[in-house]
Amino acid sequence: MSDHAVLHVKGRVLVGPEDVRDELWVVGGRVCYDRPAGARDVRTVEGWALPGLVDAHCHVGLGADGPVDADTAEKQALTDRETGTLLIRDAGSPSDTRWVDDRDDLPKIIRAGRHIARTRRYMRNYAHEIEPDELVAYVAQEARRGDGWVKLVGDWIDRDLGDLSACWPREAVEAAIAEAHRLGARVTAHCFATDSLRDLVEAGIDCIEHATGLTEDLIPLFAERGVAIVPTLVNIATFPQLAAGGENRYPRWSAHMRRLHERRYDTVRGAYDAGIPVYVGTDAGGSLAHGLVAGEVAELVTAGIPPVEALSATSWGARAWLGRPGLEEGAPADLVVYESDPRADVRVLAAPSRVVLNGAVVE
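To keep things clear, this report deals only with the structure shown in the data block.

What counts, and at which threshold
Residues numbered from 1 in each chain as written. Predicted model: local features only at pLDDT ≥ 70, side-chain atom pairs only at ≥ 80, totals over all residues. Heavy atoms only, no water. Patch = residues over 30% accessible without salt bridge, like charges linked within 9 Å, V, L, I, M, F, W, Y side chains within 5 Å. Areas by Shrake-Rupley, 256 points an atom, 1.4 Å probe, with all protein chains shown as cover. Salt bridge = Lys/Arg side-chain N within 4 Å of Asp/Glu carboxyl O. Lys, Arg positive; Asp, Glu negative; His and termini not counted. Charge placed at Lys NZ, Arg CZ, Asp CG, Glu CD. Helix = DSSP H or I, 4+ residues; strand = E, 2+ residues; numbered from the N terminus. Pairing = 2+ DSSP bridges. Buried < 20%, exposed > 50% of the residue type's maximum accessible area, 1.4 Å probe, protein only. Phe/Tyr/Trp six-rings, centres within 6.5 Å; stacked < 30°, edge-to-face > 60°. Lys NZ or Arg CZ within 6 Å of the ring centre and 35° of its normal. Axes fitted to C-alpha atoms, helices over the stretch in contact; angles between N-to-C directions. Parallel < 35°, antiparallel > 145°, perpendicular 65-115°, else oblique. Contact = heavy atoms within 4.5 Å. Nonpolar A, V, L, I, M, F, W, Y, C, P; charged D, E, K, R; others polar.

Moving on: a positive patch on the surface. On the surface, a cluster of positive charge is contributed by R120, R124, R159 and R249. Among the secondary structure elements, R159 is positioned in the loop between β12 (155-158) and β13 (163-166).

Here we take up the pairing of strand β4 (residues 42-51). Examined bridge by bridge, strand β1 (residues 6-14) and β4 share 8 bridges and lie parallel to one another. Within the sheet, the bridge partner assigned to V13 lies in β4 and is A49. Relative to strand β18 (residues 335-338), β4 runs antiparallel, the two sharing 4 bridges. In the sheet register, P51 faces β18, and the bridge partner there is L335.

Turning our eyes to something else, we now look at unusual backbone geometry. Of note in this structure, N125 is not a glycine but carries a positive phi near 75°. Mapping N125 onto the fold places it in the loop between β9 (116-118) and β10 (128-130). N125 gets classed as partly exposed once you look at its relative accessible area, which sits at 42%. Positive phi values are uncommon outside glycine, yet N358 reaches one of about 50°.

In this section: the packing of aromatic side chains. The full count for this structure, using the stated rule, is 6 aromatic pairs. Look at F192 and F239: their rings are 4.9 Å apart centre to centre, the planes differ by 75°, and that puts the pair in the edge-to-face class. Placement of F192 in the loop between β14 (186-191) and α4 (197-202) and of F239 in helix α7 (residues 239-246) is noted, with a sequence separation of 47 residues between them. There is no split in this pair, since F192 and F239 are both buried. Taken together, the aromatic side chains of Y122, Y126, W156, F192 and F239 make up a single cluster linked through ring pairs. A cation over a ring is seen here: R89 above W149, with NZ or CZ 4.6 Å from the ring centre.

Okay, the packing of helix α9 (residues 264-273) against helix α10 (residues 293-303) next. Where α9 contacts α10, the two axes come as close as 8 Å, and the packing angle between them is 80°. In terms of orientation, α9 and α10 fall into the roughly perpendicular class. Where α9 approaches α10, its residues R264, Y265, V268 and R269 are matched on the opposing element by E299, L300, T302 and A303. Looking at side-chain class alone, the contact of α9 with α10 contains 4 nonpolar, 1 polar and 3 charged residues.

So, about the sheet that holds strand β19 (residues 354-357). The strand order across the open sheet built from 7 strands is β3-β2-β1-β4-β18-β19-β20, with neighbouring strands paired in mixed fashion. Every other strand in the sheet has two partners, leaving β3 (30-32) and β20 (360-361) as the edge strands with one partner each. Relative to β19, β18 is paired through 3 bridges, and the arrangement is antiparallel. Following the sheet pairing, V337 is matched in β19 by R354.

A separate point is the pattern of salt bridges. A complete count under the given rule lists 23 salt bridges for this structure. A salt bridge links E74 to R103, with the shortest nitrogen-to-oxygen separation between them at 2.8 Å. In this pair, E74 sits in helix α1 (residues 70-82) while R103 sits in the loop between β7 (85-90) and β8 (108-111), placing the two residues 29 residues apart along the sequence. On the basis of relative accessible area, E74 is assigned to the partly exposed category, the value being 23%. Across the salt bridge formed by D101 and R111, the nearest N and O atoms sit 3.0 Å from each other. Taken together, the positions of D101 in the loop between β7 and β8 and R111 in strand β8 put the pair 10 residues apart, joining distant regions of the chain. Relative accessible area serves as the criterion here: at 8%, R111 is assigned to the buried category. Three or more residues joined by partner-sharing salt bridges are found here, namely R170, E174, R198, D199 and E202.

Attention now goes to the packing of α7 against helix α8 (residues 251-262). Running from N to C, α7 and α8 point in directions that differ by 170°, and their axes come no closer than 8 Å. The orientation of α7 relative to α8 falls into the category roughly antiparallel. From α7, F239, P240, L242, A243, A244 and G246 reach across to α8, where they touch P251, W253, S254, M257, R258, L260 and H261. Across the contact of α7 with α8, the residue classes tally to 9 nonpolar, 3 polar and 1 charged.

Honestly, it's all geometry; don't read function into it.
Right, here's the structure in full:
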């Protein structure tokens, strides 16, 4: 779009789940609800418009074996953009993706720095691998490097035990989370199993990724503390395959992973019913493809979350949680347009008719 071009979005603009307007204008890359005087070079887009979708657990710059080059990272970000994901919370990456911030044609990224894991307790080449006495220092480092988030690996397979187990002692996570909060950052943690959850939540953590180990006795604690979860159900779908691959060497771990998979929908629905905030994340990057946000929203609906709430978990609600605007007056014009109402059928998210990023229609 040229500096003088104006975009007119008309039809149904979903500013909120119940705040539906007939049109908006994009002037200078920003949202406007009053027709601009003297507008010329007007382009019109019609349909059902939503704020740009959010993937709250995504990894740009990460591949199966660790960091990837800039060309590969760009392709990852473009894949997300094409499916309507215009805001990413990058939940840990060993790559420096700050160059993305200079590109108006790529999704906006909120970074959590690099994963912080226990020595030999995570995937190789992904994380800082450290011991508990170093945790506070590394959390402080990543808090300063990130965009208001820090990512811990809360549990992983203990090869001596042959099963998932917590990575950090209680006093270490208490001190580390306190330090992150002192520096103005929120903390999240990868957690598959149950045994790390109480310590992390009581230590003041802000979010848990995956949360497959969430149990009925822990749900009230999460709800009371307002700890969000990002279930990444499209990733949890791979658990049976992972379990099969580890059956011979780690049969206890394999059985555990299968149990977590079997109750995944009940876990998410139980959390939602208790008032725990639930947000959309795909865990794209690593071994999982980018562009899966529509599938994750559909999975939340399958788990029993009402469609409008599942939609909010990738749009209005997710943006508010991350402190980024939606389609308010003056906000950057990041939006996705569909041919029908996504509140009625979330499956339409898989086929956006137009994507608008920083006021420009993506062609």
